[in-house]
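So you can see what is in the structure, the chains are spelled out below.
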Amino acid sequence: MTVLAAIEAGLRTCGEVFREPLGAPDRTPRHTIGEVSAASGLTAHTLRWYERIGLLDPVDRSASGQRRYSDGDLHRLAFLGRLRLTGMPVADMLRYVELARQGDRTSADRRDLLLAHREEVRQRIADLHATLAVLDHKIDLYDGRIACG
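Below or above, wherever it landed, is the structure these notes cover. (Residues numbered from 1 in each chain as written. Predicted model: local features only at pLDDT ≥ 70, side-chain atom pairs only at ≥ 80, totals over all residues. Heavy atoms only, no water.)

### So, the pattern of salt bridges
Scanning all chains against the criterion turns up seven salt bridges. Residue Arg30 is joined to Asp71 by a salt bridge in which the shortest nitrogen-to-oxygen separation is 3.1 Å. Residue Arg30 is located in the loop between α2 (14–19) and β1 (31–32), and its partner Asp71 is located in helix α5 (residues 71–85); the two are separated by 41 residues in the primary sequence. The pair formed by Arg30 and Asp71 is uniform in burial state, with each residue classed as buried. A salt bridge links Arg76 to Asp57, with the shortest nitrogen-to-oxygen separation between them at 3.9 Å. A residue pair is termed long-range when its members are at least 10 positions apart, and Arg76 in helix α5 and Asp57 in the loop between α4 (44–53) and β2 (60–61) qualify at 19 residues. Residue classification places Arg76 among the partly exposed positions, given a relative accessible area of 23%. Asp57 sits in the partly exposed class, given a relative accessible area of 33%. Ionic contacts of the salt-bridge type, sharing partners, join the residues Asp26, Arg30 and Asp71 into one network. (Salt bridge = Lys/Arg side-chain N within 4 Å of Asp/Glu carboxyl O. Helix = DSSP H or I, 4+ residues; strand = E, 2+ residues; numbered from the N terminus. Buried < 20%, exposed > 50% of the residue type's maximum accessible area, 1.4 Å probe, protein only.)

### As for a nonpolar patch on the surface
A grouping of Leu132, Leu135 and Ile139 is seen on the molecular surface, where their side chains present a nonpolar patch of about 270 Å² in accessible area. Note on placement: Ile139 falls in helix α7 (residues 107–143). Judged by its relative accessible area of 45%, Ile139 is partly exposed. (Patch = residues over 30% accessible without salt bridge, like charges linked within 9 Å, V, L, I, M, F, W, Y side chains within 5 Å. Areas by Shrake-Rupley, 256 points an atom, 1.4 Å probe, with all protein chains shown as cover.)

### Details of the sheet that holds β2
Within the open sheet, the three strands sit side by side as β1-β3-β2. Their pairing is antiparallel. Strands at the two margins of the open sheet, each flanked by one partner only, are β1 and β2. (Pairing = 2+ DSSP bridges.)

Printed below as a string of structure tokens:
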């Protein structure tokens, strides 16, 4: 589907879907690997790796064999990107994805995994706040706002 056809059909662009992964995703395979790479900041190599190790489901292919990603794939990539930003190891991301593939019966396990990770993130945030306070203090010393002592 061309960009003009997508706009006329009321479909969001690859970048829009990635930045705001809201609502039920369109499952039509229409985004190229280049578009997804540009929207996500992930290299084509990383996108292919995510598919190979199972973080992404097998991506549809065009008649010529080129990968075509759906909005659903972009929703997953956006979530995985947020997990990576929090420092979640790829192994834990894989565990989450594997549980999600098993359906609703694993929702408690997925929740537990996210709860444990949230606690780790909160601890890192507290550590960063303490580090920021030390940096602010040192900067104030250099600016002469407080006396050295």
